[in-house]
Every structure is written in C-alpha cells, then in structure tokens.
2 protein chains.
Amino acid sequence: MNFELIKPLLKEDAKGKIVMLVMDGLGGLPLTPDGKTELETAKTPHMDQLAKEAELGLHHSVPFGITPGSGQAHLGLFGYDPIKYEIGRGVLSALGIDFDLGPNDVAARGNFCTVDENGVITDRRAGRIPTEEGQRLCNLLKEKINLPGVELFLEPEKEYRFVFVLRGEGLDGHVSDTDPQAVGKKAHVPEALKPDAEKTAELVREFVRQGNEILKSEHPANSFVLRGFAGMPKWPKFNDVWGLNSVAIAMYPMYRGVAKVVGMTVLHPAESMSQEIDMLEEYWDKHDFFFVHIKKTDSFGEDGNFDGKVGIIEEVDALIPRIMALDPDVLIITGDHSTPSKLKAHSWHPIPTMLWSKNARPDRVESFGERECLKGSLGSRFDANDLLPLALSHALRLEKFGA
Amino acid sequence: MNFELIKPLLKEDAKGKIVMLVMDGLGGLPLTPDGKTELETAKTPHMDQLAKEAELGLHHSVPFGITPGSGQAHLGLFGYDPIKYEIGRGVLSALGIDFDLGPNDVAARGNFCTVDENGVITDRRAGRIPTEEGQRLCNLLKEKINLPGVELFLEPEKEYRFVFVLRGEGLDGHVSDTDPQAVGKKAHVPEALKPDAEKTAELVREFVRQGNEILKSEHPANSFVLRGFAGMPKWPKFNDVWGLNSVAIAMYPMYRGVAKVVGMTVLHPAESMSQEIDMLEEYWDKHDFFFVHIKKTDSFGEDGNFDGKVGIIEEVDALIPRIMALDPDVLIITGDHSTPSKLKAHSWHPIPTMLWSKNARPDRVESFGERECLKGSLGSRFDANDLLPLALSHALRLEKFGA
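Keep in mind the model is a prediction, meaning the values are calculated, not measured. (Residues numbered from 1 in each chain as written. Chains lettered and ligands numbered in written order. Predicted model: local features only at pLDDT ≥ 70, side-chain atom pairs only at ≥ 80, totals over all residues.)

Draft legend 1. Representation of the sheet that holds strand 10 (residues 289-294) of chain A within the structure. Residues and elements named next belong to chain A. With mixed pairing, the eight strands of this open sheet are ordered in space as 9-8-10-1-11-12-2-13. The sheet is open, and its two edges are formed by strand 9 (265-266) and strand 13 (379-383), each paired on a single side. As paired elements, strand 2 (residues 55-60) and strand 12 (residues 351-357) share five bridges and run antiparallel to each other. Paired with Leu56 across the two strands is Met354, which belongs to strand 12. Running at roughly 70° to strand 12, helix 3 (residues 45-53) makes contact with strand 2, strand 11 (330-334) and strand 12 of the sheet. (Pairing = 2+ DSSP bridges. Helix = DSSP H or I, 4+ residues; strand = E, 2+ residues; numbered from the N terminus. Contact = placed C-beta atoms within 7 Å. Axes fitted to C-alpha atoms, helices over the stretch in contact; angles between N-to-C directions.)

Draft legend 2. Geometry of the interface of chain B and chain A. At the interface, 25 residues of chain B touch 21 residues of chain A. At the level of elements, helix 4 (70-77), helix 5 (89-96), helix 13 (370-373) and strand 13 (379-383) of chain B are the ones that each hand at least two residues to the side of chain B that touches chain A. Tallied by class, the residues present in the side of chain B that touches chain A amount to 13 nonpolar, eight polar and four charged. (Nonpolar A, V, L, I, M, F, W, Y, C, P; charged D, E, K, R; others polar.)

Draft legend 3. Broad picture of the domain arrangement of chain A. Residue and element names in this part refer to chain A. Structurally, chain A comprises domain 1 (3-86 + 236-394) and domain 2 (91-231). Computed from C-alpha coordinates alone, the two centres of domain 1 and domain 2 are separated by 35 Å. If you look at the interface, domain 1 gives five residues, while domain 2 gives five residues. It is helix 9 (residues 253-261) that contributes the most residues to the side of domain 1 that touches domain 2, four residues altogether. In terms of residue class, the side of domain 1 that touches domain 2 is made up of three nonpolar, two polar and no charged. (Domains from an automatic or database assignment.)

Draft legend 4. Focus on the nonpolar core. Core analysis: the biggest nonpolar cluster contains 121 residues, and Ala107(A), Ile332(A), Leu355(A) and Ala391(A) have the highest contact counts within it. Leaving out residues up to four positions away in the same chain, Ala391(A) has contacts with Ile18(A), Val330(A), Ile332(A) and Leu355(A). (Core = buried A, V, L, I, M, F, W, Y, C linked by C-beta atoms within 7 Å. Buried ≥ 20, exposed ≤ 12 C-beta atoms within 10 Å, placed from the backbone.)

Draft legend 5. Region of interest: the sheet that holds strand 1 (residues 18-23) of chain B. Residues and elements named next belong to chain B. Pairing is mixed in the open sheet, where eight strands are placed in the order 9-8-10-1-11-12-2-13. Every other strand in the sheet has two partners, leaving strand 9 (265-266) and strand 13 as the edge strands with one partner each. Pairing of strand 8 (residues 246-249) with strand 10 (residues 289-294) involves four bridges; the strand directions are parallel. In the strand pairing of strand 10, Ala248 is matched with Phe291. Running over the sheet, helix 3 (residues 45-53) touches strand 2 (55-60), strand 11 (330-334) and strand 12 (351-357) and is turned about 70° from strand 12.

Draft legend 6. Just the environment of Thr41(A), in detail. Summarising the element assignment, Thr41(A) is placed in helix 2 (residues 38-41). Setting aside anything within four residues of it in sequence, one finds Thr41(A) in contact with Lys36(A) and Val310(A).

Draft legend 7. Focus on the relation of the copies chain B and chain A. The transformation that overlays chain B on chain A combines an axial shift of 0.1 Å with a rotation of 120°, and the residual RMSD is 0.3 Å. Such a combination of rotation and displacement between the chain copies is what one expects of a three-fold axis. (Least-squares fit on C-alpha atoms with pLDDT ≥ 70 in both.)

Draft legend 8. Just the pairing of strand 3 (residues 105-115) of chain B, in detail. Residues and elements named next belong to chain B. Among the eleven residues of strand 3, eleven are classified as buried, and the element is accordingly described as predominantly covered. When strand 3 meets strand 7 (residues 223-231), the two strands line up antiparallel, connected through seven bridges. Looking at strand 7, one finds that Arg109 is bridged to Arg227. Of the strand pairs in this sheet, strand 3 and strand 4 (residues 121-123) are connected by two bridges, and their pairing is antiparallel.

See the structure below:
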C-alpha cells in the first residue's frame, strides 16, 4: 500500500477499534498427507463461530514461497513492505534482548571467535562458549575499553553472541562488517560506506584494536567479529500512516521491539497470555489499535511439539470471549508466519487469517483452519500489507477514494 | 494492463460484440451474518442460467480494501488504472451535471460561502442556500462578469454548489485552489502551478475580483471558493486502446461523462432501464462494445432500501433475454463498486462479476451471487483492469502474444 494514497482518506473523527491478535508461527502442516494441521486439530469453538461471520484467507509477507524472519513478518502485518523497509541485523539483535535502542545509537551483532597467531579465524563460534563466559568477556571489554565521546554497551545474547551498541551524537550505521563469515580468513577492517559514517567507522576500528589487545590471551574466545551495523530506522510512524493510536502487548522482547520500531506505544512485558488480555482490557479506552502477540505457538512449532502447539491454540481460543466482550469493531486473528511442528522451523506456507468485523461479508467458511481459509474471500495467498487498509475500512475509518 | 502490450495483438478484422452491463453499486452485504446479500436474495433465473455457463469472480478497481468513487470505479472497468488516470474534481463536477465539457475548457468546483467584513470565511456552505438561490447567484455573476477573450459558464449544482468553466484558447487547468477548505480563513489567491497556466490563473483572479464585488451586498452567500481546476484529460482513447467501436447507454450524467472522458460515443440520456435496452437494440449493428449503465441499484443501496435494490436486480434480470436475443459474443454483468444497503454508502467489498461468452470455461457455479462468485475462476479479488483484455480474448479479437 502506498502510504500517500491512504493519508487523505483517513477520517478525522473515526472511532472504530481494531484488535490484531497474532499467534506466532500459527500456520502448520499435517503430519501425514491425509491428516490435519495443528490449527485444524485444535478444538476452537469460539474462533470457529467468528469464522462463520468473518472474511478469511491466507497471507504472506515476503515474496510468495519465501520464509520470513519474525521481524520482517511483523512489518508485513503492520503494513510495511519488509523488502522496502529493512531493519539492520544489529537493530534486530538489540530488540531481541529488550535493549532500549535510542535515536542516537548504532548497533551491531557480535560473535566471539577464535583466531590463530596471525589473526586468521579458526572457529567462528569459539567452541560455542557458554553464555556465562560470553557475559564475562562482555564485562571485561566494557571495563577496559575507552572510546572518547561515546557510550559503549556490550550485552550478551546466547553463548558466543553479543550485541554491540555505540551511543552518541553524529553516529551513522553505514559501516561495513568485520565478520568475513568464514573460517580461514582474517576479520575485515570496518570502513565507512558513506561519508557521514566516517566517525562511526573510526570508533569501531578503535574498539576492534583495543578489544583484540584485551582478549589476546583469553581462551578459546580470543577475538570477535561484528556485523549488521545499523541505527533505528527513521520510517513513517504507524500512527501517522494509519491514523491510529496503537499499543503493543507482548511477552517477548523481539515483538515489543518491532512494534517500537514502527512507533507504537509498547506496554511492559506481559507474563502470561491471560495477563495479555488483562492488559488489553486495562488499556481498552486509551487506544484504538491493539497488537496482541502470542509467542508459544511458535515455540512449540520450533520444538516439533504438535500437541503442545494444538494446546496453546486451544488456550487462546478460550480467551476469545474476553476479547469479544470488549466489543471491538474489527478483530484480526492470524500469525506472522508458519512454524509447522513437522518442520521444527519457520516455513514459507501462507498463514491462515480471519478478519471479523460487523461489516464483513461472510465467506461460508465453517471453521478456522488452513484449508477452510482457502475458500475465503481474502484469497489463498494475499499480501499481508493488505490487512491494515482493509481493517481501517471495516472499522469505517476511511473516506472513499475519489468522488 | 499495459496498453502498448495490447496494441499489436488487436485483430483488424475482428467482429465479436461485447456488452458490459454495469449495475451501479451491485455488491452488497447480508443484514445478518447468516443472511443473504441483495443479489443473492433476488430471484434472477436468467442470470443464474448464464452463471452456470460463465466465468465468475469478484473484482476491485482501486487498491484492495479501499472504497472507490463512481468515476474511478468506472475507469477501472474500462481498463484504465484509476490511480494512474486521475480525473480532476472540476471535470467530475462538470460531467455530473451533463455539462458538455470540450477540449479547450477548464472546469472547477465552486461553493458559495459567507465571509465577514475582512473576507474571512464564516460559513463554507452559506447556510446551505436552496438550489434556486444558487441558480440566481450563478445568473447574476454570468450577467455582470466580463472576462476578455474567453467564454464563462456557471452552472448550479445542488444548494450552494456550482460548476465553473472557462472556455478559450490556451487555457490550462494547473491552477491552485482558492478554497482553503476551512472556516476562519480567507480564500487563497489562485496561482499558476506551471507556466502554461499563467493566463488561466490571471483570468481566475479577475473572476474572483469581479465576483466578490458583485456579491458583496448579498446575504447569506456573499462570496465563493473554487477548487479542483482541471481540463478534459488527454488520455489514450478507449476505441484505440481496445480496437473497439464503443457506445455508452446510461440514464445519469456522471456515467455518460466518464464514458465521454475515455472517448466513447455517448448516446442521449435514456429515461428507463427498458429504454436502455431499446437503445442497445437500435444501435446493435453500428457498434461492437456496449456499456450499459443501471443506476438504481446504487440509489436504493444508498437509501438503505434492501428490498428496493433486490427489486431492481430482478427487473434487470427480466431484461436479460432481450440482450441475449441480440446474440452477443461476450456479456459481462458486474457493478462498479459495492453499495450495501446495510451501510447506505459505497463500500470496499469486491464486486460480483460474470463474464459469459461462447468460449467460457464454466466454473461449476450455480447462481449469480457474491458467495457463489468466490468459487469462480476469475478469482475472489481480481483487478477490474483485467476485464477488457479478457473480454477481447473471449470475443476472439486478440492475436496471441509471441509466436
């Protein structure tokens, strides 16, 4: 969707409320060709009833057939084309550990690694050092490194991975990777990719010099590489683009982070699915767009736990009456991508979606599931970017185009 | 559709005749989730029989989820992308009152308004003066204003609205609005938006000067604002693009107007639906593309009259045998947009469409209705721009692309 096309159509006095309930990795696969998917197996009387009154289909957020990452898939749901709106790897890493990335920050993804006496990388993961060892090395570097005029943050992720952040005036993320992404090579010297990033590149080179000196007698992690330097993107804000006052409710950092990137108000982390609905109720009067994120469908999918994923979908179904009791004008129930437990991974399969609204034209679909959605009016492979404009129309928040 | 792609494919000796029957605002909604739409409720034995033999689907003419105006929606049906082919507000207003806009004309939409002693707008609609008062003020201005070298037309629309037209050599519609579209502001001074429009801008400024002097002692409408200056667009002509000899049959000015904009031959206004079919019969041998427009489906939808809309659809169904008796090669039955009586307004819902032809691959659809169309081969949300090329192929008017 062209944001400039939507702008003049936004009604100023619109009041319709929209809930977007995203079950991460919702789409699934049957374990045998004649079997049912996780969603089809789950007993979901409430979602099935809504499906009878809703418009359904299956969406994809990146080109059809391609498997998206979580950040990209959520951008698609929020109406941002993930091919056009790129989030740098460093920013995704920072968001993933709930680092509060600000407008003057440049972030990168770091790996501790092992190098030989000539600086040639011999193990890109330093023997997968434990997370505690990563933590110790981050602390050591932070304590000893001195970079003039900027603040340095080094936050451990899992095992050998860490997040690198510089904070200061005049920084720019257009700096080349040091990570050659192969053993048998030396780390690259980072270079500015445009003139504005010269200061940042020099600070990174200095960080690399001092850091390697500090780590040289450590074992097995005696060096590190950095990649994906990036600052917070400066994109059109979700609320401005869609004329909404949005809020994000999620348990996990990555999803609150992506919501923050597009400028949503982000609430404190929820501790359970039920608490997420508590928060939806609490903030109902203050906002008109509610992004509610359910993580565990994806987690069970990644674990290959078919029954676990079915169980979570059933738990979510039991929460639906609490959402409907709030009287939303539009309720979207979907996923960001598929995570079939059969594959134990994200997949490219399109994602079952329902858009329930008081102004829907029901599709004669009898239940909420991948194959029933094939009969729906939204289409069997619609663009995730279509959802927001469509939701705005169903909520009677858009003027017509032309006379 | 890329017009350049079609051009070399047009057969020179093609004879197939195409009828495009547009029921304005045809698409609807059920009044309850388990109910039927207007079209599904209507008893339409003739259209249902054609549906069994036809290809069906639901189209949209502007980006999915957006509600189109009538002009834009018809451009979509005629194969012109309404985002690319913009019709100025002034042109639409002129077409809407059947003003015979020519190639040397620049039109704008005018509103009579009330201003205070400083020229600040206090009521943008001058208290919604009656149409007769608008007529009197238009006559007064026409009589007294003197603009050298051009002809001036001022035609009342409803209440405070009027159409402003300048006719003369060397005019250009790229002139900025005088309408600030808010109370508490003075009207803007109109400016040329490109050098070619300097002469037109100066004529408009002179019109504004003289007009305000003439109206200053009137009450409550003592001034006016103008917006949407535009000339007739210079687009590729429908007949050239599609290799057709087209004719438009319609009761209402707007639809004859849009047909005129794309260069169709436009017949005199019909006085009834039955007379529209009389005209179709009368002109059958002289043309090979027939745009037949039915207005009342939209009017009843706008009024929220479900049963009235059902009744009109049934009346149209009763006329189908007369159309089929002419032995058309292709008959398209569709709407320009949806106007569900439930919403009393245009809507974004896709529009049920059938393309009947001797060369159709029937879809196993049993009747003509929104939900049956979901099963059709044209798709549940196809681009209105696809219809013309498809109709040409079904009429055997296109060569194949490539060898």
